[in-house]
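Remarks on the overall topology
The primary structure of each chain is shown beneath.
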Amino acid sequence: SLPAKLINGGIAGLIGVTCVFPIDLAKTRLQNQQNGQRMYTSLSDCLIKTIRSEGYFGMYRGAAVNLTLVTPEKAIKLAANDFFRHHLSKDGKKLTLLKEMLAGCGAGTCQVIVTTPMEMLKIQLQDAGRIEAQRKLMAAQAQISSSSPEPAAERRPTATQITRELLRSKGIAGLYKGLGATLLRDVPFSIVYFPLFANLNKLGQKDPNVKAPFYVSFLSGCVAGSTAAVAVNPCDVIKTRLQSLQRGVNEDTYSGILDCTKKIWQKEGPTAFFKGAYCRALVIAPLFGIAQVVYFVGIAEFLLDMLPKRQA
């Protein structure tokens, strides 16, 4: 049922995000730093420096936004894919690869309604620590050369404050900055992910009418998720750069997808499009592995089935 699918998708998203959020924070910071003042050299370096400067909970900066909105996002994504697969297979025949890709395309398109504002807010909160650390480093260097007092630390805005400011200055469009880049990332991701997962998962089914074991769904989700994540990483880098409202010292600003692509290619080289790719693979693999296990095991169906029994 649709309510069960939405509940399963939401539970899957909450569990997955809680497990992998620190890696996602590192991915955002690595993708956003340009060739000017580089703060981090790798995933481990970023996490170590974050813990030292911001404490353990600094790794979860922006997690509240993600945890709040990931439930509808994952629910829409998984339920939409099932919806399109169901309607594309009404003739009773097995879905062709093209139809599986069309279903994934539909799911990716639907999810951006929630994904774009979620990513927009999350990126501001995740990257604030990098910009503040860069500012402190530059201030320390200036202090050494001029012996001027260190400037006071700026208060970091909350998600609510960012939302209010964007709505006040730009309206609802402010929360949907980078919508085109989000579509450019999420639609190809879903086109790759869902058909690949479905076919890998089928390999573990002894009977077409019986669900695959949970470990097969988990491994299928991990493999399909990491493959799709790396494939669309260039689009994710562009999306992250476009959605960042604050810039570090000597960092470029961008007017759109083409301008961003051109500047990254010219100033940072083609390898810059794969910044944070391994971080993204490490985030997406367990996230979708966990999501598919929860979704296919059907925790919601179990809870909904138990409800009338308890009343009885």
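In this report, the structure presented in the accompanying data block is examined. (Residues numbered from 1 in each chain as written. Predicted model: local features only at pLDDT ≥ 70, side-chain atom pairs only at ≥ 80, totals over all residues. Heavy atoms only, no water.)

**A look at the overall build of the chain**
Scanning the chain from terminus to terminus reveals 12 helices and zero strands. Starting at the N terminus, the α and β elements of the chain follow one another as α-α-α-α-α-α-α-α-α-α-α-α. Each of the 312 residues in the chain was classed as buried or not, and the buried ones make up 48%. Put simply, 79% of the contacts in the chain that link residues at least 6 apart link residues at least 24 apart. Here the chain displays about 15,300 Å² of accessible surface, and carbon together with sulfur accounts for 66% of that area. (Helix = DSSP H or I, 4+ residues; strand = E, 2+ residues; numbered from the N terminus. Buried < 20%, exposed > 50% of the residue type's maximum accessible area, 1.4 Å probe, protein only. Contact = heavy atoms within 4.5 Å. Areas by Shrake-Rupley, 256 points an atom, 1.4 Å probe, with all protein chains shown as cover.)

**Digging into helix α10 (residues 257–268)**
Its 12 residues place the ends of α10 16 Å apart at the C-alpha level, agreeing with the 16 Å of an ideal helix rising 1.5 Å per residue. Those residues of α10 that are buried lie in contact with α9 (233–243). G269 sits one or two residues past α10 and shows a positive phi near 85°. (Expected span 1.5 Å × (residues − 1).)

**Section: the packing of helix α7 (residues 179–203) against helix α8 (residues 214–231)**
Think of two packed helices as two axes; the pair is described by the angle between the axes and how far apart they sit. Closest axis-to-axis distance for the α7/α8 pair is 8 Å, and the angle between their directions is 150°. Compared by their axis directions, α7 and α8 come out roughly antiparallel. Judged by the twist between their axes, the crossing of α7 over α8 is right-handed. In contact with F189, V192, Y193, L196, F197, L200 and N201 of α7, α8 contributes V216, S217, S220, G221, V223, A224, G225, T227, A228 and A229. Looking at the contact of α7 with α8 residue by residue, the classes come out as 11 nonpolar, six polar and no charged. (Axes fitted to C-alpha atoms, helices over the stretch in contact; angles between N-to-C directions. Parallel < 35°, antiparallel > 145°, perpendicular 65-115°, else oblique. Left-handed = near helix turned anticlockwise from the far one by under 90°. Nonpolar A, V, L, I, M, F, W, Y, C, P; charged D, E, K, R; others polar.)

**Quick look at the nonpolar core**
Ranked by size, the top nonpolar core spans 39 residues in total, and within it L43, V65, F189, Y193, I284, L287 and F288 carry the most contacts. Mapped by element, the contributors of at least two residues to this core are α1 (2–32), α2 (43–54), α3 (63–88), α4 (97–146), α5 (159–170), α7, α8 and α11 (277–297). Per-element tally for this core: the top contributor is α1, with six residues. Discounting chain neighbours no more than four positions away, the residues touching F189 are K77, G225, A228, A229, V232, R280, I284 and F288. (Core = buried A, V, L, I, M, F, W, Y, C linked by side-chain atoms within 4.5 Å.)

**Concerning the packing of aromatic side chains**
Inspection of every chain in the model, using the stated rule, returns eight aromatic pairs. Aromatic pair Y193 and F197: ring centres 6.0 Å apart, planes at 15°, arrangement stacked. Taken together, the residues Y193 and F197, both in helix α7 and four residues apart, mark about one turn of the helix. Accessibility classification places Y193 together with F197 in one group, the buried group. Between W265 and F273, the aromatic rings sit 6.3 Å apart at their centres with planes inclined by 40°, giving tilted as the arrangement. Joined through ring pairs, the aromatic side chains of F21, Y56, F57 and Y60 make up one cluster. (Phe/Tyr/Trp six-rings, centres within 6.5 Å; stacked < 30°, edge-to-face > 60°.)

**Topic: the pattern of salt bridges**
Oppositely charged side chains may form a pair once their charged atoms are brought near each other. Counted by the stated rule, this structure contains 19 salt bridges. For K27, the salt bridge identified is with D236, shortest N-O distance 2.9 Å. With K27 in helix α1 and D236 in helix α9, this pair connects stretches of sequence that are 209 residues apart. Overall, K27 belongs to the buried group, its relative accessible area being 2%. Residue class for D236 comes out buried when judged on its relative accessible area of 0%. With a shortest N-O distance of 3.0 Å, E268 and R241 are connected by a salt bridge. Highlighted residues: E268 in helix α10 and R241 in helix α9, separated in sequence by 27 residues. Salt bridges linked by common partners bring D24, K27, E119, K122, R185, D186, D236, K239 and R280 together as one network. (Salt bridge = Lys/Arg side-chain N within 4 Å of Asp/Glu carboxyl O.)

**A word on the packing of α9 against α10**
Interaxial distance between α9 and α10 falls to 10 Å at its minimum, and their mutual angle equals 110°. The angle between α9 and α10 falls in the class roughly perpendicular. Of α10, the residues touching α9 (which contributes V237, I238, R241 and L242) are I257, C260, T261, I264 and E268. Taken together, the residues of the contact of α9 with α10 sort by class into six nonpolar, one polar and two charged.

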